[in-house]
Structures are given as C-alpha cells and as structure tokens.
Amino acid sequence: MPLRRAEPRAARAGLAWLLLAAACARGATPGVHGPTPAKDIPPVAVPPESTPPGPTVVPPPILRRPAAPASLARLRGWMPLSATGVPAFRAAHPAWDGRGVLLGILDSGLDAGVPGFETTGAGLPKVLDLRDFSGEGRIELVPLAPVGDDVTVEGRRLGGFTRVRGQAATGPWYGGALFERRLGEMPAADANDNGTDSDTLVVVVGKASDGWVLFADTDGDGSLANERPIHDYLVARETFGWHRGGEPPPLTMAANFRDAPGGGGGGPELDLFFDNSAHGTHVAGIAAARGIGGVEGFDGVAPGAQILALKISRNDFGGITTTGSVLAALDYALRFAAARGLPLVLNMSFGVGNEREGTARLDAALDSVLAAHPGVTFVTSAGNDGPGLSTMGFPGSMRRGITVGATQPAAFIASVAGGSRPPADVLLFFSSRGGELAKPDVIAPGVAYSTVPRWNMGDEIKLGTSMSSPHVAGLAALLVSGLTQERREVRGEDLRRALRASARPFKGETALDQGAGEPDVATAWRLLRGPAPTAAFDVESLDRPGTTAAFRLAPSVADSLVRFRLNRDDGAAGALALDFTSDSPWLRPPPPLRMEGATAEVTLVQHPPLGSPGLVVGSVHGAIAGLEGAVVTLVSAVVIPESERPAPVRMTAPLAAGGLKRVVFPADSGRPFRVRMATAAPREKLIAALHQPGGAPILGDNGIPGGADTAAAVYDVDGRDAGSGFYEAVAVAPPAGPITASIAIDHAPVALRLPAARGDSLAALLTGLTDSLAPGRLSLGVIGGESAREVSGAGGADVTLPLRLPAWAEELVVDLRLDPNQWPSFSDFGFTVLDGDGRILGKNPLNYAHGRLTVKLPHRDRDRAATLVLSPGFTEPGSRERWSGRLEVRLRAGRPVALEIAGSDEFRLTRNAAARFGTRVGESPWPLPAGYVPLGLFVVESRGISWSWELPLRPPGPAR
C-alpha cells in the first residue's frame, strides 16, 4: 500500500499496455514498471537473472539506459507539475521552492548516489540523513584478529589492513558481511554488479577519533589499501558501494552506527542503508529532487526542500514494514526537525487494506502524534485497491493526514498513444476509493518520470498513488516554505483545508473517487493568507463508529435520516456558527448550527433515487461566515444492487474516456459465478475489476484488460472462493476515448456438497438452485494435493515452515487466513517462499486478513525442499502480541487426472432437486508429501458455461 501496496499490483505487460494503448491495467506484482519506451528511444538491456552459486565467469558490464533521456522526459512533461500549478507558483515566488523545509520520506530507502540529490538551489545539502528502521540492513559484527597486513572476514581474506589501522589504530576491530541473496531478487540483489546474487560482501569496522568507521573492498581487488573510511551518514554524509572497475555502484550504501545497548566499550551496531526497491528513491525525486538525470531545471515539486530519508520497509520480502518501524521513524523525524528548528512535512507512500474501517492502530497512533504536533503535515497515499468502493487502506484512513488518490496525466496518454491530446487528465482506475470513509482528501498526478537507483535504470516511469502522494507532499513543502519565510504559523490542518478548498473536481467523479479534486497551489496559498478558521473538526458518521461517511447498501424507504457527530479539535474555544449547503438535490442539509461545546450532532435528510440500481453520492458542506472554503464536509452514499438474491445480469453501458460502470450484485457462499466484461467494437479496450464483499479486490490478478468477443475479460470465481454478500464488478474505459461496455454475470445453477467419504469412495451431491435448468454435465478429477494447518507466532519474529515441492507439481498456492479482528493490530504481514538456496520463488504481502500467494514452479528433475516465511509486522515498537491463522497449501499438477463417475455424468435438475454422483478416489495419481490429501476439481457445464469447485477430497489433516 509502499511502498509495495501504494503502487498498483499490475502485471507488467498490463501496465505497459496502460500507457502504450492509453488504457488501464493492473494485476499482481508490487514494484510497477512504466511505459515501454517510445520508438525514438533506444531499447533497455535487461540485466541477467541470477546464476547458481559457485564459480562464475564475470559477464561483460551490464548495459543500463534510462527509459528515455531525462532531457526528453522534461520536454514531454513527464514530471507533470503543471497539473497543480507548480511552475507558475514557483515562477511567481522563486524563493518559496521548499527551502527552509524538512521533507521526511518514510519509505523503502533512498539512493543518494543518483543525480537529483546533491544540493538544493541555495547550495545546501539536499539529503540531511539516511536512517534505517527496518532492520533489513543489519550487519552482525564479530571481533577480528588481523595478522600483519591481512584479516579474514567470513572466510574472505583481505589485505591492506594497514589502512584500517591508520584510522582506528588500537582496535578492537570488527567484521561482518552482507549476503547478496538476502537483498531479494535480481537485479537489486547484485550489489557488486557482477551478474550474480551469490556473493558475500564483507565490511571491517573500527573506531576512529571521530567515531566508528567502515571499510569495504568496494572494487573487489582483495585489498583495503585504497579504500576510504565511511562514517555514519549523519556525521559526514558519506556513501559507498561495491562496483566493478570504472563503473559506479548499482546500489549506493550508507552506514548507520549505534553504540551497542548497555555500553561497556563493546562493538557498535551497524545497519547499512540502501534502496533495493527503488520505490523510495522514485518517491523522493517526485517530492523534491533537483536536476533529475543531471538535467538542470528538471526538478521535483519542491526542489528547495531538504530530505530526511527514513527506511521503514523490508524490501527483500516485498516492501513490508517491520514491527514498530513506522512509529520509530516518525519519532526520529520529529526529534530531528525539532533539534534543527525546521518545519516538517512527512510523506508515507504506503497502504494496507482495511478489514474494518476506523479501527487500525496505525491510524490511531499517527493521529495521536499529529494531535500533539499540530505544526507537522503528514501526507499519505490512498492505496491501489480501486476502483471498488470502500477500498481505502490505512494509514490513508487516518483522520489528520492528507490522503491522496491518483490521476493519469494527459502528457503520458498523448506521448505514447500518438494521437491527439485528450481533453483532460483522468482518474487512474486503481486509485482506492472511499465508501465508509470520506476519503481521499485530494487527487494528484500518479504517473511520473523520476529518480531511480542505477540498478533500476530503464524503470524511471512508475505509477500509483505512491507517486501522487509525494506530489502533494511537495505542494505542502512549497506552502510551508512561503509561510515560514513570511513568519506565519504553520499548521498541518490549515494546509489540508487549503489544499482541499483549492481543488478542482473532475467531471463525472464523486467525492468517494476524488475527494475534493486536484489542488491548485496558488489558490491554496491565497486561502492560507486569508482569515484563519476559528475551529477544526473531526467528523464521525453515526452509521457505524469509526467511519467518516454515511454508506448504505440497499436502504429501505425508512432509511431517510443520516447522522454525524462533529468533534472540535481546537479545544472548543468559544461558540461558533456553521451554515450548511448540499451539492445534491436528494440530500437535504441541516439547519444552521450554533456550536457551543466540543461536540455536536447533525442530521441529514436523504431521499435517494431508488428506482434503478447504481451509486449516488452527495455531500453537505459546512462553512463559517467570512471564511472561504468548507471546514466540514459530510458525505453520504447509497448503493442500490442489481438484485437482492443471485440472478443473471446482462447490461451494456456507454462509458466516457476514463469513465466506469459499477455493478453491485449478490452471491452465495460456496456457489461459483462468472463475470464477463467486453467491449462492443474490436478496437475498443477496457479494464475489468472485481471486488469482494467489503471492498477487498478479488484474490489473484485484479484489473485485467478486455476487448470484444473472445478477448473479453473473464473472472471465474471458484466455489472455494465465493462468499456470501454483495460483490462489485467495475468496467473502466481507457483514458483516450469512449467505449461501450457489456457486463454479464452468471451464477452456478447448482450447489455442490461432498458428504463424508467412506474409505476411497466419494459421493458428490448436486442440488438445483433454479426453477428450471437446461441439461448439464458434471466432471471431476484430481488436480494435486492439499495440506492445512494452524500457524501462530509472537511479535514481529519471522515464522519459517518447511515445504516439499514434488517434481510433478507445476504450481504452488498458499492461502493464509488471519483473524480479521486482529488485523488492525498489524502494520503489515508478508509471506514468501524460498528455494533450497535461499532464492525467492514468490512473495506476496497480505493486503487483507486473507491473502494468497501463487507461484509458478521452475522445472525440477526431483523433489526439492523449500521454505515458507511468514513475516508479521505490528504497529507498536517491541510488540510481543501473539497472532494465529490458518495456512492452506495446495500443490497443482499441470493438468487434472479425470475420475470415472459411476453411472451417467449428465443431469437435469429443478429447484431443490438433488442428484448424487459417485466415484472411487484410490491412491493419488502422484506421490503426495506427508500431511497432504488429494485435491479434487469439480466442473459443472450447463448452457455453454462452466463453473468449478476446487476442494480437498478428504479433510486435510495437520501437515507434518
């Protein structure tokens, strides 16, 4: 929701197609890629994948080229600053470029060695500190015993130890190692640029007169004689990196030293700071880079701001925050800014899905900190789980932060589509939406060409709400820069109000899609210079505690009143009067309110159009006389589903460029269904998304491309995954032009039940669910094996579980189900599969309490060992909370082996009629690991549609 989930989880081909074809796509891997280069840009060489451990021949230097030259990217407007009025504002106020402001980036790290992070326009250091709170770069140090001019560290012999003695003459000395394979996947894991991820890179540490220093054989010549000492970054702003001769490092490192707890003169603790994700470097560039790619004038939003980069995520396992990392980083940022007397703006491009809005501990903790530090401005991404409703993640759901959704700037659409420029920017379809929350606050460009580490060259264009959030953080830095230089008070709540009040809404989008719209920095400045509000408010919907919008599904006629509680955040200093206006004819505002105390309740009367299915959203705005812009916004939304019970859906809808059609429909638990979305014309394209009850995206790829006829986008939801409640299917038009979309939804006409098996005999019972049913056929087979077990742990410690991967298995599927009531305690949770050599086979951070990891297994000539790593992250530092969940592991073969059905496999059923089909399972067609039972695949075919159930043929026992 970074970090990784604040970038859209899109198949790489889909994301390239988004920009190339001016349509949208998203899918399943964190770490997104930008558009394929235009025809006049040289192709980018792809670094080789990792090679097995052992002796290797060093390959020739890796050819690295940007996706486009930075100078060309600047000309094409690929840092889309004009959308929010930045160029005009900076031209009018050249000194208000962010100077005097500390911009904290809580993210995956920052590569300070790339162009754009050298100095501000005033000649000050651009990056003030790099500090790791994730623990990913921790180096275990052990005492060393040098012999003459040589020393051995982790089995590696290094000469030139006289160089170390020259800085740290008396010792003691310590050594440690960075293991490339622990850095994650190639090419980021190839820290020394030699084409493999198998190296052990050692460091030597001693204490100089000015503190601890680090030496490393950065050029790989086996000697420290020509190496320079590296101090803690805060002391000397020094960086280093391993590299091959004549080439800059692919991954820039910094050292973080800390005396070991307890003192006593022992060795230090050492963390290496690096960005093996590229996410944080890209985000920081959008917010405040100066001279991207070495091009003068190609800047981020606030090039005068200074950066404090705080690493909160463990990138090897998918960009997951670790226990307490967010709050520890926030505490450091507050103390750092206070010690230097600098106003602080924070950006956190990160998001995790809400199971129950308003309950996340991370939200509460951040809101509490901001209440105690009202001068701090906190900006965060909305997340990329849209376009479904109620998909706002945390901390995007926090009350006191500025939550930002994402737009697709027209510059990108025009530049790669080759056609005429579209009339306006559009909302990026995957940007998370509100529902039970009145979020986002604003939207901003979610696609940009920005800074990346050298290993990530060619991927300078990234997209997601991760990219829109630093854009708004940069806007805040510009405004704070002006306020500071005019010696005016800085309050985070004032900036949020001004940015919202300055925003221009996008036509056709609701408050749940875009908040107030896209801000204009000049208008926000004018509002900040006007009369200050006499009160700030926190809004709570009384529909359900913790939510901030009234959100109702299929209301009855009696549901005509919605109530809100207004809580004053200013200590209720004096009475005030609020006048209310509504932007919707069906939503009646309350009468003027004279508020005497700290809280008040208001009631809205709504009469939404209930005649046809769909969504209606209205807002009531509360204003204080003499003050421009609303101080309170009350959002009400009503959803009318297609039907109350599962039924077929057939519809067509014309969609404007970037527009969407939502269809809310019911489903039954255990009853498969199919959703098919297509276009009317062969050249038209759309994106199809499907969301579960409550808003979570469907498991697996979500946001898939579709076209006409056989190119339609199809979701076949297996009976195993189908749940009871209202799903949401969404068809989205590309941003380049209108289309006509068709949506068809079909539910399985039968229910399937497996009575208890006797021996190896299996009975499948089908029950009719409709009044009439065309002839159908049941097929069943064995597709693999399944195991299930309960898992648990305490605190943030990884839990590792052994796996056996049979040679016959072509796919591994891991489901982890945590208690939804415990989910608000976490800041993150990841699960990763490693092969026997420690390389990552697959990883997928949980975005909700139920997550799935699907891994296509490489060819194996025999069974192999693997390891499943579960990585919880709790909000509070040092947490030892216990957690538990259920783990289901499925091994799938390439194709199922059919089981012969006793008697006929055909049926004709009416409602409540039943038919029984029997077979014998016997031994599995493949040898199953201990603790696994055969995994069955049941398929019903009727009326030209197939529905499936993937179920264990016997209850899985505990895995051994």
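Anyway, here's the lowdown on the structure attached to this text. (Residues numbered from 1 in each chain as written. Predicted model: local features only at pLDDT ≥ 70, side-chain atom pairs only at ≥ 80, totals over all residues. Heavy atoms only, no water.)

## Looking at the environment of Gly 707
Looking at the element boundaries, Gly 707 is found in the loop between strand 38 (704-706) and strand 39 (713-717). Of the residues examined, Gly 707 reaches a relative accessible area of 1% and is grouped as buried. In the structure, Gly 707 is positioned 215 residues away from Gly 922 in sequence and 44 Å away in space, judged by C-alpha atoms. Once residues lying within four places of it in the same chain are set aside, the contact partners of Gly 707 are Met 677, Ala 678, Thr 679, Glu 684 and Ala 712. (Helix = DSSP H or I, 4+ residues; strand = E, 2+ residues; numbered from the N terminus. Buried < 20%, exposed > 50% of the residue type's maximum accessible area, 1.4 Å probe, protein only. Contact = heavy atoms within 4.5 Å.)

## Here's the deal with the sheet that holds strand 37 (residues 686-691)
Pairing in this open sheet of 4 strands is antiparallel, and the strands run 35-40-37-38 from one edge to the other. Across the chains shown, the open sheet's two edge strands, defined by having one partner strand only, are strand 35 (660-667) and strand 38. Each strand axis lies, on average, 25° off the axis of its neighbour in the sheet, ignoring direction. Inspection of the sheet shows strand 35 paired to strand 40 (residues 725-732) by 8 bridges, in the antiparallel sense. Across the sheet, the residue bridging to Leu 660 is Val 732, located in strand 40. (Pairing = 2+ DSSP bridges. Axes fitted to C-alpha atoms, helices over the stretch in contact; angles between N-to-C directions.)

## Regarding the nonpolar core
One finds Leu 812 and Leu 870 to be the most contacted residues of the largest nonpolar core, which totals 86 residues. If you tally residues by element for this core, the top one is helix 7 (residues 325-340), at 9 residues. Sequence-distant contacts of Leu 812, defined by excluding residues within four places in its chain, comprise Leu 803, Leu 805, Val 833, Leu 853, Thr 854, Val 855, Leu 857, Val 889, Arg 890 and Leu 891. Grouped together as the second largest cluster of nonpolar side chains are 76 residues, Ala 112, Leu 479, Val 490 and Val 732 included. (Core = buried A, V, L, I, M, F, W, Y, C linked by side-chain atoms within 4.5 Å.)

## Here we look at the packing of aromatic side chains
As enumerated under the stated definition, the model contains 19 aromatic pairs in all. Between Phe 665 and Tyr 727, the aromatic rings sit 5.9 Å apart at their centres with planes inclined by 20°, giving stacked as the arrangement. Of this pair, Phe 665 sits in strand 35 while Tyr 727 sits in strand 40, placing them 62 residues apart in sequence. For the residue pair Phe 665 and Tyr 727, the accessibility class agrees, reading buried in each case. Among the aromatic residues, ring-to-ring pairing joins Trp 823, Phe 826, Phe 829, Phe 874 and Trp 883 into one connected group. For the cation-ring pair, Arg 340 lies above Phe 336, with the distance from its terminal atom to the ring centre recorded as 3.5 Å. (Phe/Tyr/Trp six-rings, centres within 6.5 Å; stacked < 30°, edge-to-face > 60°. Lys NZ or Arg CZ within 6 Å of the ring centre and 35° of its normal.)

## A look at the pattern of salt bridges
Across all of its chains, the model carries 59 salt bridges by this definition. Where Asp 232 meets Arg 131, a salt bridge forms, and the shortest distance between an N and an O atom there is 2.7 Å. Taken together, the residues span a long stretch of sequence, with Asp 232 in the loop between strand 10 (230-231) and helix 5 (233-236) and Arg 131 in strand 2 (residues 127-132) at a distance of 101 residues. Where Arg 314 meets Asp 316, a salt bridge forms, and the shortest distance between an N and an O atom there is 3.2 Å. Of the two residues, Arg 314 and Asp 316, both sit in the buried class. (Salt bridge = Lys/Arg side-chain N within 4 Å of Asp/Glu carboxyl O.)

## Regarding helix 13 (residues 521-529)
Taken as a whole, helix 13 has its buried residues at Val 521, Ala 524, Trp 525, Leu 527 and Leu 528. Around the axis of helix 13, the buried residues are gathered within 160° of arc, so they sit on the same side. On the buried face of helix 13, the contacting elements are helix 3 (86-92), helix 10 (465-485) and helix 11 (492-501). (Arc of directions from axis to C-beta.)

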